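# Secondary and tertiary structure notes
The residues making up each chain are set out below.
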Amino acid sequence: TDTSNGVFQGCFVFKSASKKRKRHIGVGGYLVDDSDDNGSDRFRICQKLWETVQMNTEVIQDQLNKKILDSLAEFIKKHGLGCSSDVWRQRASEIPTAALMLGVNVPDHAMTFRSLCNLLQDSVTPFVVSVHAKECAAVKLLIQKVLEQLMGSGVSVDEEKEDDTALLQKTPCTISALCQWYKTVTKVGEDENINCSLPVVVIFKYFEAFNSQVLQDFILICSRYTQELPFVFIFGIATSPSAIQHRLPHSVSSLLCIEVFHSLSCTQHLASVFDKLILNSQFPLKLSSRVIQVLVGIFLYHDFSVQNFVKGLQFSMLEHFNSQPLSVLCCQKQEALLSAKTLSKQNVERIRHLPSFMRYVETQEPQEQVRLLTNDEHVKEVCQKLLKNLHKYHKNYYPVLQCLHSLTSSLPKFPLGKHIRELHVSCIEKNLWETEEYDSALQLLRILAKDELVAALRKCAEILKSANTKRMQNALQQLEDFIGRLETLEDSSGNGVVSAKMEYQRTDLFQLQKTLLEKESRRTKRMNSFEVLRSQVIDFIDSLVREYLTPAEFQPLNEVCYYSSSGVLRQRLNVTPRTSIQAALSHPFYYLKNASLKTDAGTISSAAPDLCIVYKLHLECGRLINLYDWLEAYVTVMSAAEDQDTDSEECGQYDSLKHARFIQAVSEMEFLGFVKSTKQKTDHVARLTWGGC
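Attention in this report is confined to the structure presented alongside it. Note that the structure is predicted; figures quoted are calculated from it, not measured.

### Some thoughts on the overall build of the protein chain
Helix and strand content of the protein chain: 30 helices and 14 strands. Across the 693 residues of the protein chain, 46% fall into the buried class. Here the contacts in the protein chain between residues at least 6 apart in sequence split such that 75% fall between residues at least 24 apart. Accessible surface, the protein chain: about 36,300 Å² in total, of which carbon and sulfur atoms supply 51%.

Here's what the structure looks like:
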């Protein structure tokens, strides 16, 4: 502020506007504008893709977890149902326990536990309990939770039709009561000689979060009833098996018969999701290289959560369909062509302004350029042709990408990346054949031995068999011809050829470079038949790369299906908490998207939440804030919302409701860490942050 001119900054109150826009809530609570001519179509396509992503993600995780879940089911069957076996008699005083190592990607564990519960209830036993640490702060609460989940679903209603809650209230929360109920449900009498019974499985979600003393007491209690109740424990562990020894003393852990089960790593899970969702020509939405780097970066440097990666993919989908009106063409081929025929005049103009379409127009003849810029019907016809070419591009792109990755993933030092997503990012952001990494990969391929080359080409042939385009089938025929010619060569033709993999294992990088230079210098010499044929094979692979792995931005109408706003994605998913909180409190319109919350600089909207009003008022204070003055300013702002005259005497008055709302807002400010109570003055609070957002 400039004090010499007598101008000071301050907050000014204005009444909220009553303008309303016609909107409705779409997928994930996202606001969709009804005024757009194709808003409903975009919403329908987005909702369909959203459901596809959700379903495919669950199917992929079930497939990846099938092996370990089946192993857990066999473990429970062996120990829970094998009561008459010698193993059970030897371990009669122990509780069978499965230590399930799930990894640090905690957000993904919920789906795994849900699948595990469903599998056990369907194929092993109906008595499955899943407990969480936050619900079991004491042993009594833990036992009560176990009884509620078991007896609440297993006790039949008596003649008086009492509900399960009434039965639970009458039943004491003890393991002995559970034993009596278990005998009643399974019809096991004292005089009956039944050697096998259904096990009672207790799943401890997030084992590390449980109180150690609670676990110890519960295990000690359950160990006394092993002859009456066939308990089986499952510990969901995120760190390492040593967590059991760290949390349980030897006297308690010795009561457990522990077997460790390891799930697949989160990186393997991400690779499967990436291959089957993103690297799939049938999935209409595509991601640019920077968007993929943002999503993978958040995965690798934050939580290793595949579920959060999928949420980022879904947010990209929402943002693309919300911000790109032409995303109505982002769907399957037939549906996209049908939409192109019925484009509105407004969308035709939007197509003309696309950068990729403008580049396409510049490459046409002058007469064609005039038609594209003036004739709307001709633009629709050309749009259909370009969409067909875009779908063909994707159908040819992914098989060739997989072939190149299968050839180079076994090379030393992984010149083109270990994972296929790294190769995909390189291909869609630049011409791959112009990079040094690609030249190094080709040089290594040119010194492969015969057996390794044939094995690699067979993998490529299997990949191309799944492609259903004519060009890929022609490439497959040429590739099979090369494989046949290589197999018919005499074994002596490959003598003297050193395998790149074996050479790398025996020598260092200097020796490998020396070998490459020697091979380069011998090019002028006469090559044998195998070397000539190997060179032809590598040249054929190089021609496929140059023809089909061109960057996506060179394809006309690529903006229709490619989401490239990496800055928006990073701003939404990878934010700093303090900056986000200050932005939300200073500018609530930024998040709530309510027109009445729009304000000018230095003003406060009376329609804003109480917390936002209190926060803006506290920015005008110094280190110590007088609570009474703060309350008076808050009441002044609220009076504007009630259409009271700010100059009248009633404006400064407040009732108990306003007082309570103010106290609640101040408490929330203290919880967020903006203010704290101080002993210097009882009616003041100390400010903890300085500077705005």
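### Quick look at the packing of aromatic side chains
One pair of aromatic rings is described through two measures. These are the centre distance and the angle between the planes. For the coordinates displayed, the defined rule picks out 20 aromatic pairs. For the pair F204 and F210, a centre-to-centre distance of 5.4 Å together with 75 degrees between the ring planes defines the contact as edge-to-face. Accessibility classification places F204 together with F210 in one group, the buried group. Look at Y397 and Y398: their rings are 5.1 Å apart centre to centre, the planes differ by 85 degrees, and that puts the pair in the edge-to-face class. The same class applies to Y397 and to Y398, which are both buried. Connected via pairs of aromatic rings, a cluster forms that spans F204, F207, F210, F218, F231, F233 and F235.

### Considering the pairing of strand 6 (residues 200-204)
Of all 5 residues making up strand 6, 5 are buried, and the element is well covered by its neighbours. Alternating residues of strand 6 divide into V200, V202 and F204 and V201 and I203, and every residue in both groups is buried. Pairing geometry for strand 5 (residues 128-131) and strand 6, over 4 bridges, is parallel. Along strand 6, the bridge assignment pairs S130 with I203. With 5 bridges connecting them, strand 6 and strand 7 (residues 231-237) associate as parallel partners. Counted as the bridge partner of F204 is F235 from strand 7.

### Here's the deal with unusual backbone geometry
We note that F304 has phi near 55 degrees; this positive angle belongs to a residue other than glycine. Within the element layout of this structure, F304 appears in the loop between helix 11 (289-303) and helix 12 (306-323). Even without a glycine there, the phi angle at K413 is positive, about 65 degrees. One can find K413 in the loop between helix 17 (376-408) and helix 18 (420-429).

### Describing the packing of helix 26 (residues 577-586) against helix 28 (residues 610-618)
One way to put it is that helix 26 packs onto helix 28 with a least axis distance of 8 Å and a crossing angle of 100 degrees. As judged from the angle between their axes, helix 26 and helix 28 are roughly perpendicular. Touching Q582, A584, L585 and S586 of helix 26 are L611, C612, Y615 and K616, all from helix 28. Among the residues making up the contact of helix 26 with helix 28, the classes are represented as 5 nonpolar, 2 polar and 1 charged.

### Section: a positive patch on the surface
Side chains of K341, K388, K392 and K470 sit close together on the surface and give a patch of like positive charge. Assignment of secondary structure puts K392 in helix 17. By relative accessible area, which is 46% here, K392 ends up partly exposed.

Rules used in this analysis
- All residue numbers here refer to positions counted from 1 along the written sequence of the relevant chain.
- pLDDT decides what is reported in this predicted model: residues at 70 or higher carry local features, side-chain atom pairs at 80 or more are listed and counted, and totals for whole chains, interfaces and linings draw on all residues regardless.
- In computing side-chain properties, one takes all heavy atoms of the structure into account and sets aside hydrogens as well as water.
- For helices the rule is a DSSP run of H or I covering at least 4 residues; for strands it is a run of E covering at least 2, with both sets numbered from the N terminus onward.
- Remark: exposure states derive from per-residue accessible area (1.4 Å probe, protein chains only) relative to the maximum for the residue type, with buried under 20%, exposed over 50%, and partly exposed in between.
- Two residues form a contact once any of their heavy atoms are found within 4.5 Å.
- With residues, only the protein chains shown are counted as cover, and all accessible areas are computed by Shrake-Rupley using a 1.4 Å probe.
- For Phe, Tyr and Trp, where Trp contributes only its six-membered ring, two rings pair if their centres lie within 6.5 Å, and the inter-plane angle classes them as stacked under 30 degrees, edge-to-face over 60, or tilted in between.
- Two strands make a pair as long as DSSP finds a minimum of two bridges between them.
- Axes, fitted as lines to C-alpha atoms, cover a helix only where it is in contact. Angles between the N-to-C directions of the axes lie from 0 to 180 degrees.
- Throughout this description, any angle smaller than 35 degrees is read as roughly parallel, any larger than 145 degrees as roughly antiparallel, any in the 65 to 115 degree range as roughly perpendicular, and the remainder as oblique.
- Under the grouping applied here, Gly and all other residues not named as nonpolar or charged are polar, the nonpolar ones being Ala, Val, Leu, Ile, Met, Phe, Trp, Tyr, Cys and Pro and the charged ones Asp, Glu, Lys and Arg.
- Patch membership requires over 30% relative accessible area and the absence of a salt bridge. Like charges are linked within 9 Å, and nonpolar side chains (Val, Leu, Ile, Met, Phe, Trp, Tyr) within 5 Å.
- In what follows, salt bridge is the name for a side-chain nitrogen of Lys or Arg lying within 4 Å of a carboxyl oxygen of Asp or Glu.
- Charge counting follows a simple rule: Lys and Arg are positive, Asp and Glu are negative, and His as well as the terminal groups are ignored.
- In plain terms, the charge of a residue is placed at NZ if it is Lys, CZ if Arg, CG if Asp and CD if Glu.

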